[in-house]
Amino acid sequence: MPSPRTANAPFADSAPLFAALGDASRLRIVARLCEGGPQSIVRLTEGTGMSRQAITKHLRALEGAGLLRSGREGRERIWQLQARRLTEVRRHLEQISTQWDDAIERLRRLVEQPI
Amino acid sequence: MNTDRIEKTVMLHASRERVWRAISSADEFGLWFGVAFKGSFAENTRMTGTIVPTTVDADVARMQEPHAGMPFEFVVDRIEPMDRISFRWHPFAMEPGVDYSHEPMTHIVFELEDSNGGTRLTITESGFDRIPIERRAKAFAANEGGWEHQSQLVGKYLALHAGA
C-alpha cells in the first residue's frame, strides 16, 4: 500500500534474509534450531529424509543471510540461530501492519464523522 | 511465523451502507487511502491512481508529500456489493522509474459483517511470500526511518480522540 517512505536507507543487507527464509526446508531447519537449541548437522539431518549435503547447503545459505552461525566443538560443527536477524523479518511485516492501522484510522474518521 | 499475510479486523460505528461506500467508491477509497483515482471501480479492471496526501490528517499529509503525484497501479478483482471487494497491487512499488508490472501482486480482501449496530470490517492482505526479496528488503529498509514517526502519529491521534 502507498505510504511515506524515505529513500536510501542503510539496510540493503536485508535482501538475503528473505531469500534464505523463502524455502520450506530452511524454515524447518530454523524451527528445529528454535526448539532444540544449538545442534550439530547430524542431529539436524535426523528424520528429515534429506542428505547431509542438502542440509549443509541450506545451513550455508542461512549462514550467508546472517540467520545462523556455527562454531567447532571438538570434531563437530554446532549450528545456532542469530535471534536478532529473525526479529528483523518479523518487523518487516509489522511495519506494513502499522501502515494498515493508520489507513484504517483514517477510514474510521471518514465513516464515523457526523453527516 | 506467518510471513505471507496480514489480517486486520476493526469495528466501525457506521452503517454497512456507509462503510461499503467508503471501500467501494473510488473517490471515497482515495480519501482515506491517499490515492486519487480516475474513474470508478469495476471488476477485473486495471486502474492507475495517483498518490495524493490524505486530507484527513495534516501530519500524514506532510509525510506523503514527497510521494505526491507518483502512480499507483492496481487491479480491482471482485466486487460483491455490501459484502466483499478485493484488489491486487504491488505492495512496495514506491521507487520512481521502476517497472513493477511483471512482479507478483498481493491480494487484498475487504469483508463486511453487521455487528452490534455497527459494521465489522476485515482486511486481509496476502501473498507477501511471493514478492521479490529485493523489494521486501528495500521496503523494510525504507520504512525504518518512518517507524518511530508513525508510532508518534498514532499516539497523537489517540490523545486527540481520548475524550470523544
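The rules behind these values
- Residues numbered from 1 in each chain as written.
- Chains lettered and ligands numbered in written order.
- Predicted model: local features only at pLDDT ≥ 70, side-chain atom pairs only at ≥ 80, totals over all residues.
- Core = buried A, V, L, I, M, F, W, Y, C linked by C-beta atoms within 7 Å.
- Buried ≥ 20, exposed ≤ 12 C-beta atoms within 10 Å, placed from the backbone.
- Helix = DSSP H or I, 4+ residues; strand = E, 2+ residues; numbered from the N terminus.
- Contact = placed C-beta atoms within 7 Å.
- Pairing = 2+ DSSP bridges.
- pLDDT = per-residue confidence, 0-100.

1. Considerations on the nonpolar core
Looking at soluble globular proteins, one finds that nonpolar side chains tend to be buried together.
Step number 1: Grouped together as the largest cluster of nonpolar side chains are 28 residues, with contacts concentrated most on Leu107(A), Val111(A), Val19(B), Ala22(B), Ile23(B), Trp32(B) and Val35(B).
Step number 2: Looking at this core, the elements with two or more residues in it are α5 (83-112) of chain A together with α1 (16-24), α2 (26-33), β2 (35-37), β4 (71-80), β5 (84-89) and β6 (106-115) of chain B.
Step number 3: Excluding its chain neighbours within four sequence positions, the residues that come into contact with Val19(B) are Val111(A), Leu12(B), Ala14(B), Leu112(B), Thr119(B) and Leu121(B).
Step number 4: Within the second largest apolar cluster, 10 residues are counted, among which are Val30(A), Ile55(A), Leu59(A) and Ala65(A).

2. Some words on the environment of Asp129(B)
Residue and element names in this part refer to chain B.
Step number 1: Mapped onto the secondary structure, Asp 129 falls in the loop between β7 (118-126) and α4 (133-160).
Step number 2: The class of Asp 129 is partly exposed, set by 16 C-beta atoms lying within 10 Å.
Step number 3: Along the backbone, Asp 129 and Arg 5 are 124 residues apart, and their C-alpha atoms lie at a distance of 8.3 Å.

3. A short note on the pairing of β4(B)
Residues and elements named next belong to chain B.
Step number 1: Across 6 bridges, the pairing between strand β3 (residues 45-51) and β4 is antiparallel. When the bridges of β4 are listed, Gly 49 appears paired with Phe 72.
Step number 2: Pairing analysis gives 5 bridges linking β4 to β5, with the strands arranged antiparallel. Counterpart to Phe 74 in the pairing with β5 is Trp 89.
Step number 3: Turn length for the β4-β5 hairpin, with the two strands adjacent in sequence and antiparallel, is 3 residues, and the turn residue Met 82 shows positive phi of about 70°.

4. Brief notes about the confidence of the model for chain B
Residues and elements named next belong to chain B.
Step number 1: Predicted confidence across chain B gives a mean pLDDT of 76, with 65% of residues reaching 70 or more.
Step number 2: Averaged over each element, pLDDT in chain B is lowest for α4 (46) and highest for β5 (95).
Step number 3: A low-confidence stretch, residues 140-164 (pLDDT under 50), is modelled with 30 contacts involving residues beyond four sequence positions or located in other chains.
Step number 4: Interface confidence in the predicted complex, given as ipTM, is 0.71; pTM for the same model is 0.60.

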